[in-house]
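Coordinates in review
So you can see what is in the structure, the chains are spelled out below.
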Amino acid sequence: MSRLVATFFYVGLLPRAPGTWGSLAALPCAYLLHRLGGFPLLAIATMALAVLGFWAAGAETRGGGDPDPGEIVVDEVVGQWIALFPLSGGLWLAGAAPQVFPWPGWVGAFVMFRLFDIWKPWPVSWADGLHGATGIMLDDILAGVMAAVVVALAAALAHGMLM
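Here is a short report on the structure shown in this document. Model, not experiment: these values are computed from the prediction. (Residues numbered from 1 in each chain as written. Predicted model: local features only at pLDDT ≥ 70, side-chain atom pairs only at ≥ 80, totals over all residues. Heavy atoms only, no water.)

**So, the overall build of the protein chain**
The helix and strand tally for the protein chain stands at 7 helices and 0 strands. Scanning the protein chain from its N terminus toward the C terminus, one meets helices and strands in the order α-α-α-α-α-α-α. In terms of overall dimensions, the protein chain has a C-alpha envelope of 50 × 30 × 25 Å along the principal axes. Taken across its 163 residues, the protein chain has 44% of its residues classed as buried. By sequence separation, contacts in the protein chain at least 24 residues apart represent 73% of the contacts at least 6 residues apart. Carbon and sulfur atoms form 74% of the exposed surface of the protein chain, whose accessible area is close to 8300 Å². Seen as two clouds, the 6 positive and the 10 negative side-chain charges of the protein chain have centres 7 Å apart. (Helix = DSSP H or I, 4+ residues; strand = E, 2+ residues; numbered from the N terminus. Buried < 20%, exposed > 50% of the residue type's maximum accessible area, 1.4 Å probe, protein only. Contact = heavy atoms within 4.5 Å. Areas by Shrake-Rupley, 256 points an atom, 1.4 Å probe, with all protein chains shown as cover. Lys, Arg positive; Asp, Glu negative; His and termini not counted. Charge placed at Lys NZ, Arg CZ, Asp CG, Glu CD.)

Okay, here's the thing in structure tokens:
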């Protein structure tokens, strides 16, 4: 069961760039969650998956070896969902129809999350240096938060809120 969660239904086992595959797999799942229950469901699912992710990452790395195996992508899914919070939350607060999920928001969230996850500016780099499940999960959670801030600022600029 921990392998299923850690690899996000085995997406992490796809060849080349498993983190990008994990982030890509997160997008339609986030859209489905948003469509079914708006931002509240996405937020609850993100928290639940984060808890499961800490457990699964710990179980999969127990016993040594690689401290952050590439096939563990549940952290990317959680981080990507966090990066989508401003889009989902803004739409939900505005009362937009649940099927609305405009492409600039999710493309921006994907690009910014991947940028922060790969580039690893501080504090993402600090979290990446932690050991065990904490390091695996926390760096992507922080990258997701940083991406969410950029997405929120871009949305505010695009919609004239900062003018």
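Still more to cover.
**Remarks on the packing of helix H2 (residues 18–61) against helix H3 (residues 74–83)**
Where H2 contacts H3, the axes come no closer than 6 Å and their chain directions differ by 50°. Considering their axes alone, H2 and H3 lie oblique with respect to each other. Seen along the crossing, H2 lies across H3 with a hand that is right-handed. (Axes fitted to C-alpha atoms, helices over the stretch in contact; angles between N-to-C directions. Parallel < 35°, antiparallel > 145°, perpendicular 65-115°, else oblique. Left-handed = near helix turned anticlockwise from the far one by under 90°.)

**What about the layout of surface pockets?**
By volume, the largest pocket is sized at about 380 Å³. Along the walls of the largest pocket sit 18 residues, with Leu-87, Gly-105, Val-151, Ala-155 and His-159 positioned nearest its centre. Elements represented by at least two residues in the lining of the largest pocket include exactly helix H4 (85–94), helix H5 (103–119) and helix H7 (132–158). Counting residues per element, the lining of the largest pocket draws most heavily on H7, which supplies 6 residues. A per-class count over the lining of the largest pocket returns 14 nonpolar, 4 polar and no charged. (1 Å grid on protein atoms, 1.4 Å probe; cavity = no way out; pocket = protein on both sides within 12 Å on 5 of 7 lines; lining within 4 Å. Points joined across faces, edges and corners; volume = space filled by probe spheres on them. Nonpolar A, V, L, I, M, F, W, Y, C, P; charged D, E, K, R; others polar.)

**Focus: H3**
Because each turn of an α-helix spans 3.6 residues, side chains separated by three or four positions in sequence point in the same direction. For H3, a buried count of 10 out of 10 residues is recorded, marking the element as mostly surrounded by other parts of the structure. If you check which residues of H3 are buried, you get Val-74, Asp-75, Glu-76, Val-77, Val-78, Gly-79, Gln-80, Trp-81, Ile-82 and Ala-83. Buried residues belonging to H3 abut helix H1 (2–6), H2, H4, H5 and H7.

**Description of the nonpolar core**
Core analysis: the largest hydrophobic core is formed by 40 residues, its most contacted members being Phe-8, Leu-49, Val-78, Trp-81 and Leu-84. For this core, the elements supplying multiple residues, two or more each, are H1, H2, H3, H4, H5 and H7. A total of 11 residues in this core trace back to one element, the largest contributor, which is H2. (Core = buried A, V, L, I, M, F, W, Y, C linked by side-chain atoms within 4.5 Å.)

**Some remarks on the pattern of salt bridges**
Enumeration over the complete set of coordinates arrives at 5 salt bridges. Of the charged contacts in the structure, one is a salt bridge between Glu-71 and Arg-3, with a shortest N-O distance of 3.6 Å. Of this pair, Glu-71 sits in the loop between H2 and H3 while Arg-3 sits in helix H1, and the two are 68 residues apart along the sequence. A relative accessible area of 27% means that Glu-71 is categorised as partly exposed. Close ionic contact of Arg-114 with Asp-117 constitutes a salt bridge, the shortest N to O distance being 2.6 Å. Of this pair, Arg-114 and Asp-117 both sit in helix H5, 3 residues apart, which is roughly one turn of that helix. Here the two residues Arg-114 and Asp-117 agree in accessibility, since each one is buried. (Salt bridge = Lys/Arg side-chain N within 4 Å of Asp/Glu carboxyl O.)

**Quick word on the packing of aromatic side chains**
Applying the stated rule across the entire model yields 5 aromatic pairs. Measuring from ring centre to ring centre gives 6.5 Å for Phe-8 and Trp-81, while their planes differ by 85°; the resulting arrangement is edge-to-face. Residue Phe-8 is located in the loop between H1 and H2, and its partner Trp-81 is located in helix H3; the two are separated by 73 residues in the primary sequence. By the ring-pair criterion, three or more aromatic residues cluster together here, those being Phe-8, Phe-9 and Trp-81. (Phe/Tyr/Trp six-rings, centres within 6.5 Å; stacked < 30°, edge-to-face > 60°.)

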